[in-house]
Amino acid sequence: MFEKYDPAENKIFRIIDNEGVIINKEEKAGLSPEKIVESYKQMLFARTADFMAVSYQRQGRMFTFPPNYGQEAISQALALVWRKDDWFVPAFRELGAWLAKGASMKDVFMYFMGYEEGTVFRNAENMMPISVPIGSQLLHAAGIGYAVNYKKEDKVVFTVVGDGGTSTGDFHEALNFAAVWNAPVVFVIQNNQFAISVPLKKQTKSINLAIKSKAYGIPGILVDGNDLFAMYLAVKNSADYARCGNGPVLIEALTYRKGAHTTSDDPTKYRTKDEEEHWDKTDPLIRLKKYIEKNKLWDTSEEEKLIEEYKKEIDRQFTEAENQPPYPLEDVFKYMYAEMPDELKQQMAEHQKFLNWKEARK
Amino acid sequence: MKVMNMVQAINDALDIKMGEDNSIVVYGEDVGVEGGVFRVTENLQKKYGEARCFDTPLAESAIMGTAVGMCAAGLRPVIEIQFCGFMYPAMNQLISHATRLHNRTRGRYKVPMVIRLPYGGGINALELHSESMEAVYGHIPGLKVVIPSTPYDAKGLLISAIESDDLILFMEPKRIYRAIKQEVPEEKFSIPLGKAKVLSEGTDVTVVAFGAMIREVQKAMVMAKQAGISVELIDLRSVYPIDKETIAKSVKKTGRVITVAEGPVSFGIGAEITALVNEHSFLSLEAPPKRVQGFDVIVPLPKGEHHYMISPEKIFYEIERTVNY
């Protein structure tokens, strides 16, 4: 597959078109109808949760949130491929992938309400926390990949980065280290066309981002990231390649961030309506829905009822997240070191004395 | 007991720990085949294989960042950043991730990493090879900063650092890598982190120092003794956490304190010790706390470096002034 879709020729690997029609008959995703419908439902859940998160933020009940609207197929492709004990090293815009790895919406809400607890992802096996500094998480994936090889484990490390992240030094260093170490890492670039307001053409002069794989001597592939079938196949082939001891792979997933960078951002300042409408036609959920309808895999009239159920469940988890006990002072100090040094114990005790004084004055 | 210099003592500590624990990996630039530019990791690759002691591509951010991932996946990396001045590309990974992973995940992922960092001046080196930036590191929450001054301490402290589940910056005073030899037990022993050591007891003035400056203070103490001044010398051994009790106890006795450190004076270790002494021993003071430190300048290249480096005479000069205040 990697030879056939050479990023040097700027070929985009795609299976269905915007109307949900299979246009590439040479590659078969091989997903069962149940898996396809289930995938659509997962993507729908992620999108519903995403909309609700933005709405909670607008109501002042949550802080800054980075919407994932429009990029759901990439998360779902990862979810279809990884095994429970494979590693996932996230950035901060892949809601569906976090959920698929075992995080709950309550976790996600808690994190964006301001609790560290929300990014521990206790129920997600082998998932790293959300990483804010752009590109930096890729090195953790390379290091985990080294450890997987060192311990002779049968695991693959999946990691994601945005198009802006490919300009960082850590992107280069991570691909280079992973390649030299033959580490089983699948690097996925979520090329959503913008790094906040800066378009891709101001990030790179390369014809695409997947071609950067050539410099590291590893396979790369440019994929329609809004085409679940193509994304699934690309991730699957990459994971198989890495799992067999061949080393890392670089996937560029073409997508579009339909929402704002975060709830603090206003994309009308840097995007045109025409551009948005163009990308609307490629929407991963709409395309998959058309495919499902054409092939009569599921009665999509049930969708609205489903969304109502999802909303109820999401709101239930939001309420749980909202009703946390007050953040204890101890939690500020407790996790700085494996064992709290006397210095921190003293600082905490001193501050507690002040709090007691303040309480007594009331 | 075997006579060792600091390079041999550190190598011995690494050897002992690697022999005990398969999860320890040692890596960095030139640490494998060559055994490190200072030969600190000599023979470790031969003995433990390339998977456990290896050369990386030349990229400090990646050395630090991949170690964060290795910690999450259950390894205990001991990484070498070849020179203090090469640390800066790795600062993002250090501050944004290595020091934060444990707190960020509420203890789910530990960071049992040791960063070995040769530091300090006085060796006629190239630019960016002579700095003492321990105060910068002491200021970073989530990091512990350890600095030995003898081969014995280097071995015992490094063993503790490797056994600790916390992230430790182990700063090695390269000026005295081979300058001091002493008897060091061949078997495993450890020295607790965060505890200073009173090297000489005295009554007139407390001098707090660490790393390569200990030897310079000891030379100054010979002059002080001839002048009839009794100096109490404390080797800090750990910049963070700092051993407040040992310093306070000493200053209560002597009533005077001088900090000797190579790093720039402003916002430095001396400033911290002065603040601690003011907070905890204020009424015992008979003279203002004094800082004998580097200037707030870039360390000059070798021909000008003697202006920067702290000499025993300068230390004695300040000891005498403080005692006669």
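Residues numbered from 1 in each chain as written. Chains lettered and ligands numbered in written order. Predicted model: local features only at pLDDT ≥ 70, side-chain atom pairs only at ≥ 80, totals over all residues.

1. Considering the overall build of chain A
Helices and strands together make up the secondary structure of chain A, namely 13 helices and seven strands. Taking 21 Å as the expected radius of gyration for a compact globule of 362 residues, we find that chain A reaches 22 Å, a close match to that expectation. Its C-alpha atoms put chain A at 75 × 50 × 40 Å along the principal axes. (Helix = DSSP H or I, 4+ residues; strand = E, 2+ residues; numbered from the N terminus. Rg over C-alpha atoms; globule rule 2.2 N^0.38 Å.)

2. Digging into unusual backbone geometry
Backbone torsion omega between Tyr 240 of chain B and Pro 241 of chain B reads -5°, so that peptide bond is classified as cis. Among the secondary structure elements, Pro 241 of chain B is positioned in the loop between β12 (238-240) and α9 (244-254). The residue Phe 121 of chain A is not glycine, and still its phi comes out positive at about 50°. Position of Phe 121 of chain A relative to the elements: it lies in the loop between α4 (105-113) and α5 (137-150).

3. Things to note about the sheet that holds strand β11 (residues 231-235) of chain B
Sheet strands associate in pairs through backbone hydrogen bonding, adopting either a parallel or an antiparallel arrangement. All names here are of chain B. Spatial ordering of the open sheet is given by β9-β11-β10-β13-β14, a layout of five strands whose pairing is mixed. The two strands at the open ends of the sheet, each matched to only one other strand, are β9 (197-200) and β14 (290-294). The average angle at which neighbouring strand axes cross in this sheet is 25°, direction not considered. Sheet topology places strand β10 (residues 205-209) next to strand β13 (residues 257-264); three bridges connect them, and they run parallel. Within the sheet, the bridge partner assigned to Val 208 lies in β13 and is Thr 259. Sheet strands in contact with helix α10 (residues 269-281) are β10, β13 and β14, and its direction is about 155° off that of β13. (Pairing = 2+ DSSP bridges. Axes fitted to C-alpha atoms, helices over the stretch in contact; angles between N-to-C directions. Contact = placed C-beta atoms within 7 Å.)

4. Observations concerning the nonpolar core
Within the largest apolar cluster, 203 residues are counted, with the highest numbers of intra-cluster contacts made by Ala 142, Val 186, Met 231 and Ile 251 of chain A. Sort the elements by how many residues they give to this core and helix α8 (residues 228-246) of chain A lands first, with 11 residues. What Ala 142 of chain A contacts, discounting residues up to four positions off in sequence, is Ala 174, Phe 177, Ala 178, Trp 181, Ala 183 and Val 185 of chain A together with Thr 66 and Gly 69 of chain B. (Core = buried A, V, L, I, M, F, W, Y, C linked by C-beta atoms within 7 Å. Buried ≥ 20, exposed ≤ 12 C-beta atoms within 10 Å, placed from the backbone.)

5. What about the sheet that holds strand β1 (residues 87-89) of chain A?
Residue and element names in this part refer to chain A. Across the sheet, which stays open at both edges, the five strands sit in the order β1-β2-β3-β7-β6 with parallel pairing between neighbours. Whereas interior strands pair on both sides, the edge strands pair on one side only; in this sheet they are β1 and β6 (220-224). Pairwise comparison of adjacent strand axes, ignoring direction, gives a mean angle of 20° for this sheet. Across five bridges, the pairing between β6 and strand β7 (residues 249-254) is parallel. Directly across from Leu 222, in β7, lies its bridge partner Glu 252. Most of the contacts of α5 go to strand β2 (residues 157-162), to which it runs at about 170°, and overall it touches β1, β2 and β3 (185-191).

6. Considerations on the interface of chain A and chain B
Listed by partner, the interface residues are 33 residues for chain A and 35 residues for chain B. Of all the elements in the fold, those that place two or more residues in the side of chain A that touches chain B are α5, α6 (169-180) and α13 (342-361) of chain A. Per-element accounting of the side of chain A that touches chain B gives the leading share, 10 residues, to α5 of chain A. Residue classes in the side of chain A that touches chain B are distributed as 20 nonpolar, six polar and seven charged. (Nonpolar A, V, L, I, M, F, W, Y, C, P; charged D, E, K, R; others polar.)

7. Remarks on the pairing of β10 of chain B
Residue and element names in this part refer to chain B. Summarising burial for β10: five of the five residues are buried, a large majority. Of the two faces of β10, the one carrying Val 205, Val 207 and Ala 209 and the one carrying Thr 206 and Val 208 are both buried. Relative to β11, β10 runs parallel, the two sharing five bridges. Each bridged residue has a counterpart across the sheet, and for Ala 209 the counterpart in β11 is Asp 235. Assessed by its sense of winding, the connection that carries the chain from β10 through helix α8 (residues 213-226) to β11 is right-handed. (Right-handed = clockwise from strand over helix to strand, strands pointing away.)

8. A look at the domain arrangement of chain A
You can read the domains of chain A as domain 1 (7-322) and domain 2 (330-361). Here the C-alpha centre of domain 2 of chain A lies 40 Å away from the C-alpha centre of domain 1 of chain A. (Domains from an automatic or database assignment.)

9. Some points on the packing of α5 of chain A against helix α3 (residues 60-72) of chain B
Where α5 of chain A meets α3 of chain B, the closest approach of the two axes is 6 Å, and the angle between their N-to-C directions is 55°. The angle between α5 of chain A and α3 of chain B falls in the class oblique. The way α5 of chain A lies across α3 of chain B gives a crossing that is right-handed. Side by side, α5 of chain A and α3 of chain B meet where Leu 139, His 140, Ala 141, Ala 142, Gly 143, Ile 144, Tyr 146 and Ala 147 of chain A of the first sit next to Ser 61, Ala 62, Gly 65, Thr 66, Ala 67, Val 68, Gly 69, Met 70 and Ala 72 of chain B of the second. Broken down by class, the residue content of the contact of α5 of chain A with α3 of chain B amounts to 11 nonpolar, six polar and no charged. (Parallel < 35°, antiparallel > 145°, perpendicular 65-115°, else oblique. Left-handed = near helix turned anticlockwise from the far one by under 90°.)

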